[in-house]
Amino acid sequence: MSKYNVNQYSVNTLLGFIEGGNIAIPEIQRPFVWKASKVRDLIDSLYNGYPTGYIIIWQNGNVKLKDGSSSVGKKILIDGQQRITALMAAIAGQNILTENYEEKPIRIAFNPIAGEDEERFAVQTPVHMKSPMWIADISEVFKPEFDSYGFIEEFTAKNPSVSKSEVNKAILKLLGIQNCQIGAIELIPQLDISEVTEIFVRINSQGKRLNEADFAMSKIAADEGYGGNLLRKAIDYFCHLAVEPAFYSKLKTVDAEFMQSPYGAKMKWLKDDYDDIYDPEYNDMLRVSFMHQFNRGKLGDLVSLLSGRDFKDRSFKEEIAENSFKKLANGILNFMSEYNFKQFVLAIKSAGFISSKLINSMMTLDFAYTLFLILQNGDEVAKTEIKRYIQKWFVLSVLTGRYISSPESQMDRDLRGIKDKGFLIFFKENEESMLSDTFWNVRLVQSMETSSISSPYFNTYLAAQVFFGDHSLLSTTSKVEHLITVAGDVHHIFPKEYLKQNGYNDKSLYNQVANYTYLDTTVNIAVGKKAPSDYFNQALSQCGTDKLTCGTIAEESVFWENLDANCIPHRITTMTSSDYPEFLKERRVLMAKKIRDYYEKL
């Protein structure tokens, strides 16, 4: 059985299908990403008879209604949305949405008497509107009431040297764009999400990946019966506000109707929220809302459920679609809740992950928030204990890379495990199997052998320092927390130039994370290119004196405590370049021990 059909449709026919609701364009109510110049280029290609690529349409399966009858599934445009939106803007004169969700026209001007080397199409400017040689907006030509004869008379009167025949030919050719053929690949309803995605990737000339979140958003936006349009706006607006709180005042103006909905009231708090620990994109919001409501981890299942898919008999039923939209809407409202969101972020920050710089995986955050919502809406774990378990699960997931490879499959398994066993048993089993003594003493130490400054293990070490309230190296005034969030940076304990001068020229050697620590500016200047034995002895010798030349520590006991807090071996005071490899080994062990101590105290 063929998995698709290939048809040719005229531009006019496609626009008619869309206007009549036969084909849904989910992106039509989302920001238009093309530059106006690309719209101009598309019109120019059609005018000159150049190919413009295929569009891909997915026919949804027929849905069995509650009364026993069937409804023909809607066709959804899954590739070519920008091209079709561009045609609707340029030819039909429809407005597009800007990135700030403001309606704006894209007007394409046309010069019917352009020479071979002259520009025939252009993005409209005031110059085109004033010029007698330009049609300032081609959409006027495509209107049913356009009077070609009257226009030519008027145009040639303004341009006496131009023949009416030349102008007429150009106008007819422009109108011919309506009859230009666009190839459409129509996928059959029986295909599952993975097959549709694979076909998309193979056909798409840019090799763009179409993911399940895109499908889900398309499905939501195309819905007309279960509040999909409001739901789609809620997701888009929330994610936009999360990164740009000032957008709220504009949103009240551009979509007052939405702001009167339950979703509008739920996101009001974002106008004053400037935290960037967890700024979700639409795929994150969809994933979390879906997972905690449906106990499934694969977004492809959401698309099927929103279509009314019955996984048992493989049919499509209205009541399943209706119930799925209702559950997803509840999930979105839970996600948006000020209390839920802020309590979750507080849990992550109080575990030491106080900056987005320390977050390596949004998938890991997504599952942690999913778990928070599951526990918050259940009664297995006391409300006072939820924060602690979220912190522990998040750190466990970061250290073991749980959601890095095949994250959806892992999330799906975890959700089923939690549902089948209960969270507490599930958590205990995983903690015991994943965080054994071998993990802490061997695997974690080995994982510290890296030069990646964004290593999840190094970031967890920094989170541990924040959690314990550690001061930065050789300082009693600057805390690691402040240097991470305000103006600090990591520096080399064995200075880079010192190591290079002594034969360590390999970047991956002198940039080992075990050679990194946070230093405030004054300490970093005092360290310079000195050997560790020199500047640590300098800091030690100033203890008990009034003259502080390297750091701000004035007591010997505080000096050794500061070394412990920053996982520095005590024999650093005698170490030179020849000791560097041993220093790295010793410090990795100390860093791993600190992380273990931190995890156990969460």
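A short tour of the structure in this document, coming up. (Residues numbered from 1 in each chain as written. Predicted model: local features only at pLDDT ≥ 70, side-chain atom pairs only at ≥ 80, totals over all residues. Heavy atoms only, no water.)

## Observations regarding the overall build of the chain
So, step 1. Helix and strand counts for the chain come out as 29 helices and 15 strands.
So, step 2. Based on the C-alpha atoms only, the size of the chain along its principal axes is roughly 100 × 65 × 45 Å.
So, step 3. Per-residue burial for the chain yields a buried fraction of 53% across its 602 residues.
So, step 4. Put simply, of all contacts in the chain between residues at least 6 apart along the chain, 70% involve residues at least 24 apart.
So, step 5. Entry remark: accessible area of the chain is about 27400 Å², with carbon and sulfur atoms responsible for 48%.
So, step 6. When the 68 positive and 76 negative side-chain charges of the chain are each reduced to one mean point, those points stand 2 Å apart. (Helix = DSSP H or I, 4+ residues; strand = E, 2+ residues; numbered from the N terminus. Buried < 20%, exposed > 50% of the residue type's maximum accessible area, 1.4 Å probe, protein only. Contact = heavy atoms within 4.5 Å. Areas by Shrake-Rupley, 256 points an atom, 1.4 Å probe, with all protein chains shown as cover. Lys, Arg positive; Asp, Glu negative; His and termini not counted. Charge placed at Lys NZ, Arg CZ, Asp CG, Glu CD.)

## A closer look at the packing of helix H9 (residues 228-243) against helix H10 (residues 247-254)
So, step 1. Running from amino to carboxyl end, H9 crosses H10 at an angle of 150 degrees, the nearest separation of the two axes being 9 Å. Here H9 lies roughly antiparallel to H10, going by the angle between them. Within the contact between the two elements, H9 uses Tyr-237, His-240 and Leu-241 and H10 uses Phe-247, Tyr-248 and Leu-251.
So, step 2. Of the residues belonging to the contact of H9 with H10, the class tally is five nonpolar, one polar and no charged. (Axes fitted to C-alpha atoms, helices over the stretch in contact; angles between N-to-C directions. Parallel < 35°, antiparallel > 145°, perpendicular 65-115°, else oblique. Nonpolar A, V, L, I, M, F, W, Y, C, P; charged D, E, K, R; others polar.)

## Describing the nonpolar core
So, step 1. One finds Phe-344, Phe-353, Leu-474 and Phe-536 to be the most contacted residues of the largest nonpolar core, which totals 146 residues.
So, step 2. Among the elements that make up this core, the one with the highest residue count is helix H18 (residues 383-400) (nine residues).
So, step 3. Not counting the four nearest positions on each side in its chain, Phe-344 is found in contact with Tyr-278, Leu-365, Ala-368, Tyr-369, Phe-372 and Ile-390.
So, step 4. Membership of the second largest hydrophobic core comes to 46 residues, among which are Leu-15, Trp-34, Phe-142 and Val-167. (Core = buried A, V, L, I, M, F, W, Y, C linked by side-chain atoms within 4.5 Å.)

## Thoughts on unusual backbone geometry
So, step 1. In the Ramachandran plot, Leu-474 falls in the positive-phi region, its phi being about 65 degrees despite a non-glycine side chain.
So, step 2. Inspection of the secondary structure assignment puts Leu-474 in the loop between helix H22 (456-468) and helix H23 (480-487).
So, step 3. The backbone phi angle of Cys-567 is positive, close to 55 degrees, even though this residue is not glycine.
So, step 4. Turning to its location among the elements, Cys-567 is positioned in the loop between helix H28 (556-565) and helix H29 (580-601).

## Considering the sheet that holds strand S2 (residues 23-24)
So, step 1. Strand order in the open sheet formed by five strands is S1-S11-S3-S6-S2, with mixed pairing between adjacent strands. One side of each edge strand has no neighbouring strand; the edge strands of this open sheet are strand S1 (4-10) and S2.
So, step 2. Alignment of strand S3 (residues 55-59) against strand S11 (residues 181-187), held across four bridges, turns out to be parallel. Residue Trp-58 lies in a different strand from S11, and its bridge partner there is Leu-187.
So, step 3. Set on the sheet, helix H8 (residues 212-222) makes contact with S2, S3 and strand S6 (75-79); between it and S6 the angle comes to about 145 degrees. (Pairing = 2+ DSSP bridges.)

## A word on H29
So, step 1. Over its 22 residues, H29 extends 31 Å from the first C-alpha to the last, a length consistent with the 32 Å expected when each residue adds 1.5 Å.
So, step 2. Of the positions making up H29, those classed as buried are Tyr-580, Phe-583, Leu-584, Arg-587, Arg-588, Met-591, Ala-592, Lys-594, Ile-595, Tyr-598 and Tyr-599. In an axial view of H29, the angular spread of the buried residues amounts to 165 degrees, which keeps them on one side of the axis. (Expected span 1.5 Å × (residues − 1). Arc of directions from axis to C-beta.)

## Let's talk about the packing of H18 against H29
When two helices pack together, their arrangement is given by the angle between their axes and by how far apart the axes lie.
So, step 1. Between H18 and H29, the least distance of the axes is 9 Å, while the angle of their chain directions is 150 degrees. One finds that H18 runs roughly antiparallel with respect to H29. Note on packing geometry: the crossing formed by H18 with H29 is left-handed. In this structure, H18 uses Lys-392, Val-395, Leu-396 and Leu-399 to contact H29, whose residues at the interface are Ile-595, Tyr-598, Tyr-599 and Glu-600.
So, step 2. When grouped by side-chain class, the residues that make up the contact of H18 with H29 number six nonpolar, no polar and two charged. (Left-handed = near helix turned anticlockwise from the far one by under 90°.)

## Observations regarding the environment of Met-129
So, step 1. Among the structural elements, Met-129 can be located in helix H4 (residues 126-130).
So, step 2. Met-129 sits in the exposed class, given a relative accessible area of 57%.
So, step 3. Beyond its immediate stretch of four places on either side in the chain, Met-129 contacts Gln-124 and Ala-136.

## Digging into the pairing of S6
So, step 1. With four of five residues buried, S6 lies mostly within the body of the structure.
So, step 2. Strand direction decides the pairing type here: S3 and S6, joined by four bridges, are antiparallel. Residue pairing for S6: Gln-59 is matched across the bridge by Lys-75.

## Topic: the side chain of Arg-309
So, step 1. Following the sequence through the fold, Arg-309 ends up in strand S12 (residues 309-310).
So, step 2. At 6.8 Å, Asp-313 is the nearest oppositely charged side chain to Arg-309, a buried residue that forms no salt bridge.
So, step 3. Ignoring sequence-local partners within four residues, the contact set of Arg-309 consists of Ser-304, Arg-314, Ser-315, Phe-316 and Ile-320. (Salt bridge = Lys/Arg side-chain N within 4 Å of Asp/Glu carboxyl O.)

## A look at the pattern of salt bridges
So, step 1. In the structure shown here, the tally under the stated rule is 27 salt bridges.
So, step 2. The closest approach of N and O atoms between Lys-271 and Asp-272, which form a salt bridge, is 3.0 Å.
So, step 3. Judged by relative accessible area, which is 28%, Lys-271 ranks as partly exposed.
So, step 4. Among the salt bridges present, the one from Glu-408 reaches Arg-287, with a minimum N-O distance of 2.9 Å. With a gap of 121 residues between them, Glu-408 in helix H19 (residues 407-421) and Arg-287 in helix H13 (residues 282-294) connect regions that are remote in the sequence.

## Observations regarding the packing of aromatic side chains
So, step 1. Counted under the stated rule, the structure contains 46 aromatic pairs.
So, step 2. An angle of 40 degrees between the planes, with centres 5.4 Å apart, marks the rings of Trp-393 and Phe-426 as tilted. Of this pair, Trp-393 sits in helix H18 while Phe-426 sits in helix H20 (residues 423-434), placing them 33 residues apart in sequence.
So, step 3. An angle of 55 degrees between the planes, with centres 5.1 Å apart, marks the rings of Phe-494 and Tyr-580 as tilted. (Phe/Tyr/Trp six-rings, centres within 6.5 Å; stacked < 30°, edge-to-face > 60°.)

## Brief notes about the environment of Asn-5
So, step 1. With respect to the helices and strands, Asn-5 occurs in strand S1.
So, step 2. Separated by 180 residues in the primary sequence, Asn-5 and Ile-185 have C-alpha atoms spaced 5.8 Å apart.
So, step 3. Setting aside chain neighbours within four positions, we find Asn-5 in contact with Ala-184, Ile-185 and Glu-186.

## A few points about the pairing of strand S15 (residues 516-519)
So, step 1. The side-chain alternation of S15 yields two buried faces, one formed by Tyr-516 and Tyr-518 and the other by Thr-517 and Leu-519.
So, step 2. Of the pairings in the sheet, the one linking strand S14 (residues 489-492) to S15 comprises four bridges and is antiparallel in character. Of the residues in S15, the one forming a bridge with His-492 is Tyr-516.

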